[in-house]
Amino acid sequence: MLAALALWACQPEIGDSCSNAADCSQTGDRTCDTTVDDGYCTVFGCSADSCPSEAACIGYQSVVSTAPECADLQAAPRLQRSLCMRSCSRDSDCRSDYVCVDMKLPNPWGAMLIDRGGSGKVCSLPPPPDAQGAADVCSPRSAPTA
């Protein structure tokens with residue numbers, strides 16, 4: 001019993017660095033997002049209030065474009081991908097090279113908080129400078145003529 005308790009107490013948390021899924025969980029309930037430098041322990045496909053207590057469920061690609069011209073034309077988030085992200089209050093709560101970002105505010109990733117309640121602040125890579133989505137995806141196009 002003590003061995004099981006020790007193993008549980010040492011389990012990596014959401015947002016920890018990793019190089020493969022085994023670095024994040026021995027039971028397979030967490031995985032490693034290797035698309036970012038030094039990896040990011042997470043849970044893919046989360047839903048409202050399903051993340052571990054240290055994390056929040058964030059939906060990325062929740063909008064077609066972040067361009068202001070598209071704001072009134074956004075539809076349901078059919079392209080949305082969700083994952084658990086480490087909750088934070090300030091940058092110092094995040095590991096090196098990550099910042100505390102409020103996903104309840106407009107952001108360059110078109111991301112949004114899926115959880116009910118919560119601050120919406122999570123540890124993320126810094127936003128790209130002057131990021132803005134393309135507006136041409138919101139313009140109707142004529143059907144090609146034969």
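Refer to the structure printed above.
Residues numbered from 1 in each chain as written. Predicted model: local features only at pLDDT ≥ 70, side-chain atom pairs only at ≥ 80, totals over all residues. Heavy atoms only, no water.

Asker: Can you break down the environment of Thr-42 residue by residue, with the values?
Answerer: The topology assignment puts Thr-42 in strand S2 (residues 40-42). Overall, the relative accessible area of 0% leaves Thr-42 in the buried class. Taking C-alpha positions, Thr-42 is 9.2 Å from Ala-21, a pair spaced 21 residues apart along the chain. Once residues lying within four places of it in the same chain are set aside, the contact partners of Thr-42 are Ile-14, Arg-30, Thr-31, Asp-33, Leu-83 and Cys-84. (Helix = DSSP H or I, 4+ residues; strand = E, 2+ residues; numbered from the N terminus. Buried < 20%, exposed > 50% of the residue type's maximum accessible area, 1.4 Å probe, protein only. Contact = heavy atoms within 4.5 Å.)

Asker: Quick one: what's the story with the pattern of salt bridges, residue by residue and with numbers?
Answerer: If you walk through the whole model with that rule in mind, you get four salt bridges. We note a salt bridge from Glu-54 to Arg-30, for which the minimum N-O separation is 3.2 Å. Of this pair, Glu-54 sits in the loop between S2 and strand S3 (55-60) while Arg-30 sits in the loop between helix H1 (2-9) and strand S1 (31-33); the two residues are 24 residues apart in sequence, bridging distant segments of the chain. Arg-30 matches Glu-54 in its accessibility class, with the two residues each being buried. Here Arg-116 and Asp-49 are joined by a salt bridge, their closest N and O atoms 3.0 Å apart. (Salt bridge = Lys/Arg side-chain N within 4 Å of Asp/Glu carboxyl O.)

Asker: Break down the side chain of Asp-115 for me, with residues and values.
Answerer: Within the secondary structure, Asp-115 is located in the loop between strand S6 (112-113) and strand S7 (121-124). The side chain of Asp-115 sits in the buried core without any salt bridge; Arg-116 is the nearest counter-charge, 7.3 Å away. Of note is the side chain of Asp-115, whose polar atom sits 2.6 Å from the backbone nitrogen of Asp-49. (Lys, Arg positive; Asp, Glu negative; His and termini not counted. Polar contact = N/O pair within 3.5 Å; in protein donor to acceptor, adjacent residues only side chain to side chain.)

Asker: Which residues make up the state of the cysteines, and what values go with them?
Answerer: Across all of its chains, the model carries six disulfides by this definition. The disulfide partner of Cys-24 is Cys-41, and the S-S distance across this bridge is 2.1 Å. Classification of the bridge connecting Cys-24 and Cys-41 rests on its S-S torsion, roughly -85°, and on that basis the disulfide is left-handed. In this pair, Cys-24 is assigned in the loop between H1 and S1 and Cys-41 in strand S2, connecting sequence segments 17 residues apart. When its relative accessible area of 0% is taken as the criterion, Cys-24 is described as buried. Looking at Cys-41, the relative accessible area reads 0%, which means it is buried. Residue pairing for Cys-51: its cysteine sulfur links by disulfide to Cys-84, the two sulfurs lying 2.1 Å apart. For the disulfide bridge between Cys-51 and Cys-84, the dihedral angle about the S-S bond is near -95°, and by the sign convention the bridge is left-handed. Taken together, the residues Cys-51 in the loop between S2 and S3 and Cys-84 in strand S4 (residues 81-86) connect sequence positions 33 residues apart. The residues Cys-51 and Cys-84 share a single accessibility class, namely buried. (Disulfide = S-S within 2.5 Å.)

Scope: geometric values only; no functional claims are made or implied.
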